[in-house]
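Breakdown of the fold
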Amino acid sequence: MSESRGAKPGPEPADRVVIGITFGNSNSSIAYTVDDKAEVIANEDGDRQIPTVLSYVDGDEYYGTQAKAFLVRNPTNTIAYFRDFLGKEFKSIDPTHCHAAAHPQDTNGTVSFSVQDKAGEESASSVSISEASTRYLRRLVGSASDYLGKKVTSAVISVPTNFNDKQREALIKGANDADIEVLQLISDPVSAVLAYDARPEANIQDKIVVVADLGGTRSDVAVVASRGGMYTILATAHDYEFAGVHLDQVLMDHFAKEFMKKHTADPRENAKSLAKLRQEAEATKKSLSLGTNAQFSVESLADGIDFSTTINRIRYEMVGRKVFEGFNRLVESVIKKAGLDVLDVDEVIMCGGTSHTPRIANNFRGIFPETTTILAPATSPIAINPSELLARGAGLQASLIQEYEAGDIEQSTHPCVTTVKHISNAIGVVAVGADGEDVFTPIMQAETAVPARRIVQIAAPKAGGDVLIKVVEGGTHIKVTKPEPKAKQPTENGDKDDEDDSDFDSDEEEEEKREKVWKIGKQLAEAAVKGVKKDGKVEVMINVAGDLAVTVTAREVGGKGGVRGNLTAA
């Protein structure tokens, strides 16, 4: 498959210098792995989150933060927020986010930009979207090469899950034209999960993870099943209605109204004033993610009038309430799309610059049960910087595959290899004869890719003896327990007091209790282990082959022999 490598031959594996790149629509990052630890590299301006912007002034090319500053003074020659246009026809794009920069143009059905990128020429040049991507990637890799002191040759690049084949091919071509060998394109949510799972202290276990990638111009949410270190994406959603720019917008509107209370001019009606307003609103938003108060100050905001005011986090959260609620609905919709409940989710990983906002993480904390880990700076002390997650994951993947031949990487990422069968229901055992009620013990979770093998140990009855093991399919459902209505207390003050008591009691009512419970389904097999010792254990191994045939083995731990049975796929 072409997405795993460049079209032209790359360097020999031993000569590669590899990095991870997250090429975002708003910001990009680069990461390099040393001693199995990925570090995000700063460019020459000291930025680790590098705005995806190019700007041209008198023939000089600027990128990153320097280029973004020119959105105020030189917007027509500044190309911004262009990543999502790659590989798309002009008629299918939404140019909304480029209104304050060079506008996308239709060139034979494809996207291009008209900018004066050469000195001494009065006429503007047409820069295709592929060329803009090549120029930007070249600058990223140049910064990485300067930082490392050696030329970067190859990269793993993280991309959104909704990037189609044309977009992937266009990205690879743009990178190849920038003299970068693309070892692999890795999906953003998998890159985020990998960044956490690769930590030395990480405990790799089967889990359901929600990855909320909240960026500047778009939000992407995915539900990922992690099974034995293999990742399967169960559902995704992509949204342009709730993202960082919308929080910027509510702050812009708030400060514009504050300005208009003292002055007649509306700074949103002038392009230059609007650009200043937008830039300072974004800076204020970032300040409010770190502190509880922020200063908003713009020189000559409108009609030559300087403007300065303050805002606290509480006020910010009030004016942005609808946007914050939108993030909640987006996450809940993806979980529902995956056929799951919030109680099924073990972890929520927040990445992207907007994930720094404490209110979003705290809102998620209210959606999910206490057992769910919310990995964000506001809710977890072990959270990785959300802006660096994707680059770290891509950097780690690059270090893992850098020594392989390009053909081997291409073969291993082919759909025939990566798109494998999964079991649809969990497989587990019900131990018959153990103390108390029979309890379903899951061995292999649903959505586990096959072939796979799992082992579990079941406690035998304390007195020992024969143990019957039933191997069954299982599923989960949500058990809802409603609280018992409270009896009204008699009063001596007539109906009015009864009404008051009724209102008081309703406030005191407990919420209904929701819990995830296992539901036993179809029985697959039975196995009997005879003569188990007192306080002994029985080990059960489930092995599911690539054709979904199941092998069950049961034996006493420490004992001799055992039983084995085979089930063919239905």
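Numbering of residues starts from 1 in every chain and runs along the sequence as written. Local features in this predicted model are restricted to residues whose pLDDT is 70 or higher, and side-chain atom pairs enter the listing and the counts only when it is 80 or higher, whereas totals over whole chains, interfaces and linings include all residues. Side-chain measures were taken over the full set of non-hydrogen atoms in the model, leaving aside hydrogen atoms and water.

**Topic: the overall build of the protein chain**
This is how the line gets drawn: Each helix corresponds to a stretch of at least 4 residues labelled H or I by DSSP, and each strand to a stretch of at least 2 residues labelled E; elements are numbered beginning at the N terminus. Each residue is assigned to one of three classes by its accessible area relative to the maximum for its type, calculated with a 1.4 Å probe on protein chains only: buried under 20%, partly exposed between the two thresholds, exposed over 50%. Here a residue-residue contact requires only that any non-hydrogen atoms of the pair lie within 4.5 Å. Note on areas: Shrake-Rupley, 1.4 Å probe, and residue coverage restricted to the protein chains presented here.
Of regular secondary structure, the protein chain possesses 13 helices and 27 strands. Seen through its principal axes, the protein chain has C-alpha atoms that stretch 95 × 85 × 40 Å. When the 570 residues of the protein chain are sorted by exposure, 48% land in the buried category. Here the analysis covers contacts within the protein chain between residues at least 6 apart in sequence; of these, 65% occur between residues at least 24 apart. Summed over its atoms, the accessible surface of the protein chain is roughly 28,000 Å², and 47% of this surface lies on carbon and sulfur atoms.

**Considerations on the sheet that holds strand β5 (residues 53–57)**
Here is the rule: Any two strands with at least two DSSP bridges between them are considered paired. Fitting a line to C-alpha atoms yields each axis, with helices limited to the stretch in contact; the angle taken between N-to-C directions then spans 0 to 180 degrees.
Judged by pairing direction, the sheet is antiparallel, and its three strands sit side by side in the order β6-β5-β7 without closing on themselves. In the strand order of this sheet, the two ends are held by β6 (60–63) and β7 (78–80), each with one partner. Pairwise comparison of adjacent strand axes, ignoring direction, gives a mean angle of 15° for this sheet. Bridge count for β5 against β7 is three bridges, and the pairing is antiparallel. Following the sheet pairing, Leu54 is matched in β7 by Ile79.

**Let's talk about helix α5 (residues 244–262)**
To keep things clear, this is the line we draw: Each helix should span, by expectation, one fewer than its residue count multiplied by 1.5 Å.
With 19 residues, α5 extends 28 Å between its outermost C-alpha atoms, agreeing within 8% with the 27 Å of an ideal straight helix rising 1.5 Å per residue. The set of residues buried in α5 consists of Gly244, His246, Leu247, Asp248, Val250, Leu251, Met252, His254, Phe255, Ala256 and Phe259. Where α5 is buried, its residues touch α6 (271–290), β16 (293–302), β17 (305–312), α7 (313–319) and α8 (321–337).

**As for the nonpolar core**
Spelled out, the test is: Among buried residues, those of type Ala, Val, Leu, Ile, Met, Phe, Trp, Tyr and Cys that are joined through side-chain atoms within 4.5 Å constitute a nonpolar core.
In this structure, Val210, Phe327, Ile335, Val348, Met350, Phe364 and Phe368 are the most contacted members of the largest nonpolar core, which totals 47 residues. Setting aside anything within four residues of it in sequence, one finds Met350 in contact with Ala212, Leu214, Ser355, Ile360, Ala361, Phe364, Ile374, Leu375, Ala376, Pro386 and Leu389. If you look at the next biggest cluster of nonpolar residues, it comprises 42 residues, including Ile30, Phe85, Leu86 and Val115.

**Here's the deal with the packing of aromatic side chains**
Inclusion rule: What counts as a ring pair is set by centres within 6.5 Å for rings of Phe, Tyr and Trp (its six-membered ring), and what kind of pair is set by the plane angle: stacked under 30 degrees, edge-to-face over 60, tilted for all other angles.
Enumeration over the complete set of coordinates arrives at nine aromatic pairs. Seen in terms of ring centroids, Tyr62 and Phe70 are 5.1 Å apart; in terms of plane orientation they differ by 55°. Their pairing is tilted. The class for Tyr62 is partly exposed, based on a relative accessible area of 24%. Between Phe255 and Phe296, the ring centres sit 3.9 Å apart and the planes meet at 15°, which makes this aromatic pair stacked. Pair noted here: Phe255 is in helix α5 and Phe296 is in strand β16, with a separation of 41 residues, a long-range link. Each residue in the set Phe23, Tyr63, Phe82 and Tyr136 is aromatic and connected to the rest through ring pairs, giving one cluster.

**Here's the deal with the pattern of salt bridges**
Put simply, the rule reads: In what follows, salt bridge is the name for a side-chain nitrogen of Lys or Arg lying within 4 Å of a carboxyl oxygen of Asp or Glu.
Taken as a whole and assessed by the stated rule, the structure comprises 25 salt bridges. Put simply, Arg199 and Glu201 hold a salt bridge, and the shortest N to O gap is 3.9 Å. On the accessibility criterion, Arg199 (19% relative accessible area) is buried. Between Glu317 and Arg359 there is a salt bridge; the shortest N-O distance is 3.4 Å. A residue pair is termed long-range when its members are at least 10 positions apart, and Glu317 in helix α7 and Arg359 in helix α9 (residues 358–367) qualify at 42 residues. Given the relative accessible area of 27%, Arg359 is considered partly exposed. In the salt-bridge network here, residues are joined through shared partners; they are Arg83, Asp84, Arg218 and Asp220.

**Let's talk about the packing of helix α1 (residues 65–73) against α6**
Each pair of packed helices can be described by the angle between their axes along with the distance between the axes. Just so we agree on the cut-off: Each residue receives one of three labels: charged for Asp, Glu, Lys and Arg, nonpolar for Ala, Val, Leu, Ile, Met, Phe, Trp, Tyr, Cys and Pro, and polar for the others, Gly being one of them.
Following both chains from N to C, one finds α1 and α6 inclined at 145°, their axes separated by 7 Å at the closest point. Of α6, the residues touching α1 (which contributes Lys68, Ala69, Leu71 and Val72) are Lys272, Ala275, Lys276, Gln279 and Glu282. For the contact of α1 with α6, the residue count by class is four nonpolar, one polar and four charged.

**Description of the packing of α5 against α8**
For clarity, the threshold we go by: Just so you know how the angles are binned, under 35 degrees is roughly parallel, over 145 roughly antiparallel, 65 to 115 roughly perpendicular, and the rest oblique. The crossing is said to be left-handed when, going from far helix to near helix, the turn is anticlockwise and less than a right angle, and right-handed when the turn is clockwise.
Two elements in contact, α5 and α8, have axes whose closest approach is 9 Å; the angle formed by their N-to-C orientations is 165°. Comparing the axis directions of α5 and α8 gives the class roughly antiparallel. Note that α5 runs across α8; the crossing there is right-handed. The segment α5 lies against α8, with His246, Leu247 and Val250 engaging Val323, Phe324 and Phe327.

**Digging into the environment of Glu201**
Checked against the element boundaries, Glu201 lands in the loop between α4 (188–197) and β13 (207–214). Residues Glu201 and Arg564, spaced 363 residues apart in sequence, show a C-alpha to C-alpha distance of 36 Å.

**Some points on the confidence of the model for the protein chain**
Atom-level detail of predicted coordinates should not be read off regions where pLDDT is low. Where we set the bar: Each residue carries a pLDDT score, the predictor's confidence in it, ranging from 0 to 100.
Across the protein chain, the average pLDDT comes to 88, with 91% of residues at 70 or higher. Throughout residues 1–6 the model reports pLDDT below 50, and contacts reaching past four residues in sequence, or to other chains, amount to 28 contacts. Here residues 502–508 is modelled with pLDDT under 50, and outside its nearest four sequence neighbours on either side it reaches three contacts, counting other chains as well.

**Considerations on the sheet that holds strand β15 (residues 230–239)**
Spatially, the five strands line up as an open sheet ordered β15-β14-β13-β18-β19, and their pairing is mixed. Because the sheet does not close on itself, it has two edges, and the strands there are β15 and β19 (373–375). Strand-to-strand twist of the sheet, defined as the mean angle between neighbouring strand axes without regard to direction, takes the value 15°. Packed on one face of the sheet, α9 meets β13, β18 (347–351) and β19 and runs near 165° to β18.

**Digging into unusual backbone geometry**
Cis geometry marks the peptide bond from Val450 to Pro451, where omega comes out at 5°. Tracing the backbone through its elements, the reader meets Pro451 in the loop between β21 (440–444) and β22 (452–459). Even without being a glycine, Glu447 presents a positive backbone phi close to 70°. Along the chain, Glu447 falls in the loop between β21 and β22. Not every positive phi belongs to a glycine, and Leu548 is a case in point at roughly 70°. Note that Leu548 resides in the loop between β25 (537–544) and β26 (550–556).

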